[in-house]
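# Coordinate inspection notes
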Amino acid sequence: MDILMVMTSHDKLGNTGRKTGLWLEEFAAPYYVFRDAGVNITLASPKGGQPPIDPKSDVLENQTPAMKRFKQDDIAKKAFSQTAKLADMRAEDFDTVFYPGGHGPMWDLAESPDSIALIESFYNAGKYIAFVCHAPGVLHRVTYNGQPLVKDKRVTGFTNSEEEEVKLTKVVPFLVEDELKRLGAHFEKKTNWESFVVVDGHLITGQNPASSTAGAQALLKALSVKTV
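Structural notes, computed from the coordinates.

Cut-offs applied
Residues numbered from 1 in each chain as written. Predicted model: local features only at pLDDT ≥ 70, side-chain atom pairs only at ≥ 80, totals over all residues. Heavy atoms only, no water. Axes fitted to C-alpha atoms, helices over the stretch in contact; angles between N-to-C directions. Helix = DSSP H or I, 4+ residues; strand = E, 2+ residues; numbered from the N terminus. Left-handed = near helix turned anticlockwise from the far one by under 90°. Contact = heavy atoms within 4.5 Å. Buried < 20%, exposed > 50% of the residue type's maximum accessible area, 1.4 Å probe, protein only. Expected span 1.5 Å × (residues − 1). Pairing = 2+ DSSP bridges. Right-handed = clockwise from strand over helix to strand, strands pointing away.

### What to know about the packing of helix α1 (residues 24-36) against helix α7 (residues 212-222)
Running from N to C, α1 and α7 cross one another at 35°; their axes reach a closest spacing of 8 Å. The crossing of α1 and α7 is right-handed. Between α1 and α7, the residues in contact are Glu25, Glu26, Ala29, Pro30, Val33 and Phe34 and Ser212, Thr213, Ala216, Gln217, Leu219 and Leu220, respectively.

Have a look at this one:
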């Protein structure tokens, strides 16, 4: 089993002068769900090399067991620092693809022709595609049979109220919830920061950082891979 994880290379939080990037829990938790299940993992990003980590995701109160494990794992840290270039990735080389979130993907992956083409290639081949938190926003230019891929699909993602809580509604290029609804998706959500995952056909989406583990587990279950 071969899984591709696609992460952001974008580190600027709009025009705020602050840094953003990948939300570390959304990489670390799925990474270990996959690795502990014995699947092969390839990491990629638009620029290749080490993806930027959102500083807020790494503050003391946001530490999780998966993040702590990652920081003590030289193999994982080396792989993370040497991501492949997204443009070199091909859907036929993998069984599925998983996109961690963070605010970074809203700027680069959401507009990346390489990402859009890759997702469409996976989906057209009947393969599962999975996204967590802000990553469902990466689908906003992805199409299937000439229509938005998410049209008439049940989805979730980072909610308007969660974006309001972190005070970034005026900073992000678009709101994930609003954009998915605009594209014709049936957006579902739970209470802010509660784990919630939606599976509709070959599309799997998770609401927020707390949904990272459950999202990865849902993907493996769909692929009939036993989790530890």
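### What about unusual backbone geometry?
Unlike most non-glycine residues, Cys133 shows phi in positive territory, near 65°. Within the secondary structure, Cys133 sits in the loop between β5 (129-132) and β6 (143-144). In this structure Cys133 comes out as buried when scored by relative accessible area, which is 2%. The phi angle at Asp152 is positive, at roughly 65°, despite the residue not being glycine.

### Side note on α1
The end-to-end C-alpha distance of α1, which contains 13 residues, comes to 18 Å, matching closely the 18 Å that a straight helix rising 1.5 Å per residue would cover. Counting buried positions over the 13 residues of α1 gives 11, a clear majority of the element. Among all positions of α1, only Leu24, Glu25, Glu26, Phe27, Ala28, Ala29, Pro30, Tyr31, Tyr32, Val33 and Phe34 are buried. Backbone geometry just after α1 places Gly38 at a positive phi near 85°.

### What to know about the pairing of strand β4 (residues 96-99)
Residues of β4 alternate between two faces, with Thr96 and Phe98 on one and Val97 and Tyr99 on the opposite face, all of them buried. Across three bridges, strand β1 (residues 2-6) lies against β4 in parallel orientation. Its bridge partner being in β4, Met5 is matched across the sheet by Phe98. Two strands pair when backbone bridges link them, and β4 and β5 are joined in this way by three bridges, in the parallel orientation. When the bridges of β5 are listed, Tyr99 appears paired with Phe131. For the crossover from β4 across helix α4 (residues 113-124) to β5, the handedness is right-handed.

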